[in-house]
Amino acid sequence: KQWYQRRVRAGVGEQRYEAIYLAKRHHQSSYDGEEYSWEEARGYKECARFPDTAKPKAVEGICGKDAQCPEVEDLESESCGFGVRNIRAGRWVSTEILQSDGDMKYLHAFMRLFSYIRGENEESKEIDMTIPVITKTYLDREFEERWSSIHFYLPPEYHDNPPAPSNELVEIEEWVDTVTYYRTVGEYDEDTDVRALWDQEFKDLGDVLTEAGESFYPYMAVTATFTRPGYGDQRHEAIFLQWDEEE
């Protein structure tokens, strides 16, 4: 399980993060980070070997305040260094990130989804933006990137009958309840080496999960972006899915 010591191509790039909030106009609630302890802000107890750097914005200060989030259940863990949550079943609008789009691939993928919620669907329905923006990157057995995709959560009122996309590159997915493990990132800006940051976060997450004896799926690297990088209090997460090796 030392796979994570290789370079994890987690589908991250500087222009993607600016793209994620380029078109976003939801209300930003007032937030006082001093109201939350470090453990409350992270969502888990940190291991002693990881120093406090930038306190992440607490989920409680984002979801239902800045925008709607998926329904989740926080699960208890006796281990340090990661949080555990069950993301409840729901509908998500999704699109593949096309390598043929070159340096603009993340922006183009994001805008396909943004256009869908702004009315580019068969009902011309406008749908509220939600948080977080999810990116999944699928890896082969050598931990090289196969392909990646980007996802917006659809509010519950659209779960039973979501508007059909007008763009053939956009699709509606139904996600089942999924247990996930995560580590938080509290801050970075335009000067941050984004790839190095995420490589380290996924390595650290893999390390602590292995030490805790948790089974996780190593061939999908997931990032969740809750806030705009470089602006105010921030929250980003590196995520692995729980893996039942007997299934």
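Residues numbered from 1 in each chain as written. Predicted model: local features only at pLDDT ≥ 70, side-chain atom pairs only at ≥ 80, totals over all residues. Heavy atoms only, no water.

**Concerning the overall build of the chain**
Going by this rule: We count a stretch as a helix when DSSP gives it H or I for four or more residues in a row; a strand needs E for two or more, and each element gets its number in order from the N terminus. Three labels apply to residues, based on accessible area from a 1.4 Å probe with only protein chains included: buried if under 20% of the type maximum, exposed if over 50%, partly exposed otherwise in between.
Check the secondary structure of the chain and you find four helices and nine strands. Counting helices and strands in the order they occur from the N terminus, the chain gives α-α-β-β-β-α-β-β-β-β-α-β-β. Expressed as a percentage of the 247 residues in the chain, the buried residues total 53%.

**Let's talk about the pattern of salt bridges**
Put simply, the test is: Salt bridges are defined by distance alone: a side-chain nitrogen of Lys or Arg within 4 Å of a carboxyl oxygen of Asp or Glu.
Tallied over the full model, the rule gives 15 salt bridges. When the shortest N-O distance is used, the salt bridge between R49 and E211 registers 3.2 Å. Of the two residues, R49 sits in the loop between α2 (38–42) and β1 (72–75) while E211 sits in helix α4 (residues 194–211), which places them 162 residues apart along the sequence. Residue R49 is classed as partly exposed on the basis of its relative accessible area of 46%. E211 gets classed as exposed once you look at its relative accessible area, which sits at 55%. E174 is the partner of R91 in a salt bridge, and the nearest nitrogen-oxygen pair spans 3.8 Å. In this pair, R91 sits in strand β3 (residues 90–97) while E174 sits in strand β6 (residues 170–175), placing the two residues 83 residues apart along the sequence.

**Let's talk about unusual backbone geometry**
That bond from I131 to P132 is cis: its omega, 0 degrees, falls within 30 degrees of zero. As for its placement among the helices and strands, P132 is situated in the loop between α3 (105–117) and β4 (133–139). Positive phi, normally seen in glycine, also occurs at S124, with a value near 50 degrees. Among the structural elements, S124 can be located in the loop between α3 and β4. Given the relative accessible area of 55%, S124 is considered exposed. Positive phi, close to 65 degrees, is recorded for F143, a residue that is not glycine.

**Brief notes about the pairing of strand β8 (residues 220–225)**
The following threshold applies: Strand pairing is assigned whenever DSSP identifies at least 2 bridges connecting the two strands.
Among the six residues of β8, six are classified as buried, and the element is accordingly described as predominantly covered. Side chains M220, V222 and A224 project from β8 onto one buried face, and the interleaved A221, T223 and T225 project onto a second face that is buried too. Pairing between β8 and strand β9 (residues 236–241): four bridges, direction antiparallel. Opposite V222, over in β9, you have I239 as the bridge partner.

**A short note on the state of the cysteines**
Stated formally: Only a pair of cysteine sulfur atoms within 2.5 Å qualifies as a disulfide here.
Going through the model one piece at a time under the given rule, you end up with two disulfides. The side chain of C47 participates in a disulfide bridge whose partner is C80; the two sulfur atoms lie 2.1 Å from each other. Taking the torsion about the sulfur-sulfur bond, which here is approximately 95 degrees, the covalent link between C47 and C80 counts as right-handed. Placement of C47 in the loop between α2 and β1 and of C80 in the loop between β1 and β2 (83–87) is noted, with a sequence separation of 33 residues between them. Linked covalently through their sulfurs, C63 and C69 form a disulfide whose S-S length is 2.0 Å. The disulfide joining C63 to C69 has a torsion of about -85 degrees about its S-S bond and is therefore left-handed. Taking relative accessible area as the criterion, C69 reaches 12% and is therefore assigned buried. Across the chain, the disulfide pattern expressed with sequentially numbered bonded cysteines is 1-4, 2-3.

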